[in-house]
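# Secondary and tertiary structure notes
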Protein chains: 2
Amino acid sequence: MVLHARGVAVDAQTAETRVLAAAYELFYERGVQAVGMDEIRATSGVSLKRLYKLFPAKERLVESYLRQRDERLRESMTRYVEAHESPERRLLAVFDWLHEWFSEPDFRGCAFINMFGELGSTSPVVIDATRAHKEAVRQYLTELVAAADQPAWLTDQLALLVEGAITTAAIFGTAEPARQARAAAARLLTTTRND
Amino acid sequence: MVLHARGVAVDAQTAETRVLAAAYELFYERGVQAVGMDEIRATSGVSLKRLYKLFPAKERLVESYLRQRDERLRESMTRYVEAHESPERRLLAVFDWLHEWFSEPDFRGCAFINMFGELGSTSPVVIDATRAHKEAVRQYLTELVAAADQPAWLTDQLALLVEGAITTAAIFGTAEPARQARAAAARLLTTTRND
DNA sequence: CCGAGCGGAGAACGAACGTTCTCCAACGCG
DNA sequence: CGCGTTGGAGAACGTTCGTTCTCCGCTCGG
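Residues numbered from 1 in each chain as written. Chains lettered and ligands numbered in written order. Predicted model: local features only at pLDDT ≥ 70, side-chain atom pairs only at ≥ 80, totals over all residues. Heavy atoms only, no water.

Within an unreviewed UniProt entry, the label attached to chain A reads Transcriptional regulator, TetR family, and the organism entered is Goodfellowiella coeruleoviolacea.

Here it is, written out as structure tokens:
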């Protein structure tokens, strides 16, 4: 019985992993409404029954999808940024990281912004997740700005550059906005002393 | 007969106006997929038959909706900006205009970005309209930057600030990003001479 | 007054989709 | 070996929605 239960548990874990992997790609690539649960089933290889046992409704799956996006994105960013030592260099590294992200072949913008446009008006879950994600990124920027001995309001301006670069890169399908945002950030940094 | 035909034509024009007015509000407020043709009919008061004679498919209506958004937005912006005389003041006025826009009670971000997130992956019409719109705005910024004797690359940076401000304001439901973007733009402007 | 055609109200149709249900095979336990 | 539970395949159900069709009243020329 216990052995049996454990066997089920392990399967459930790998099943959940596969479902989330499918959602991670499909939802990002085509949006939530354009991907049916049946396609999640087909891609993950997890039967509908199991799928609904793991995620009793599509919205639950969307929640987990967004949580995973948030985690992976921020982990990737911090890992990249913290490979640099100098605080100023770290601030600029954020934009280098953006350039790498934008250059990925399947880059399609920020999953949160996309979903906000798709469901933001009707789904509190999406609104909250989006705000939490942006807030978390901004919080990290705040720390970097403080570490670089820059005024706190620089955070706001850098956040706008990051946001604008992501959106512009998505729309035009080019990584250039990362470079432009980095240049703008560098100017804002080097001229801070004037105040 | 001719009188009758003209009567129909006039009705068709006002019907089209009413349909577009309904689409203008409903699509912006809730997205395209969340608004059915029947709701367009109910709000506009135009019967389904007429509606489909004017716009043979929903996608045609979406096209016209986006065209109207583009026209009104740019007209509103240029009207506001050109109330100022000095070239530098005009550049900053773009961000004041943003602040007014963000403060409208039903502001919900950029209609193009929202629809890009919703349908961008599957609808070339939306992709093209979005790029054309952003390109047109950028073109206008280019003119303002040139008139202010600023280097051409400043356009890229200002465009990112505009884009980031719109998105951030939509997500957090505040007009503050316009102020922050304006401050950043002012810094980028006043330090241009250093190069 | 009459017939023809336009237009409106809303039913109808077909597809897509979220969710549930049915049927059946496999498997561990007595 | 039966038995009860688990899980898979996929049919089924109910709803939504884009689009079309049906029916009916109105208007307008004769």
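Okay, back to it.
Chain A puts 39 residues into the contact, and the matching count from chain B is 39 residues. Taken together, chain A and chain B are joined by zero salt bridges. The interface formed by chain A and chain B contains six residue pairs in polar contact (both at pLDDT 80 or more). In terms of residues, the side of chain A that touches chain B owes the most to one element, helix H8 (residues 154-172) of chain A, which gives twelve residues. For the side of chain A that touches chain B, the residue count by class is 14 nonpolar, 14 polar and eleven charged. (Contact = heavy atoms within 4.5 Å. Salt bridge = Lys/Arg side-chain N within 4 Å of Asp/Glu carboxyl O. Polar contact = N/O pair within 3.5 Å; in protein donor to acceptor, adjacent residues only side chain to side chain. Helix = DSSP H or I, 4+ residues; strand = E, 2+ residues; numbered from the N terminus. Nonpolar A, V, L, I, M, F, W, Y, C, P; charged D, E, K, R; others polar.)

What follows concerns the protein's contact with DNA strand C. The local shell around DNA strand C holds 15 residues, among which Met-37 and Lys-58 of chain A together with Lys-49, Arg-50 and Lys-53 of chain B are the closest. Each atom of DNA strand C within 4 Å of the protein was assigned to sugar, phosphate or base; sugar and phosphate come to 66%. Lys-58 of chain A places a polar side-chain atom, nitrogen or oxygen, 2.4 Å from a phosphate oxygen of DNA strand C. Here a base oxygen of DNA strand C and a side-chain polar atom of Lys-49 of chain B are 2.6 Å apart. When contributions to the surface near DNA strand C are tallied by element, the ones reaching two or more residues are helix H3 (48-54) of chain A together with helix H1 (2-30) and helix H3 (48-54) of chain B. Its residues assigned to classes, the surface near DNA strand C shows seven nonpolar, three polar and five charged. (Near = heavy atom within 4 Å.)

What follows deals with the UniProt feature "DNA-binding region" (unreviewed entry) in chain A. When the UniProt feature table is mapped to this numbering, "DNA-binding region" (unreviewed entry) covers residues 36-55 of chain A. Each end of residues 36-55 of chain A is marked by a C-alpha atom, and these two atoms are 14 Å apart; helix forms 75% of the span and strand 0%. (UniProt positions renumbered as here; feature names shortened; annotations may be inferred.)

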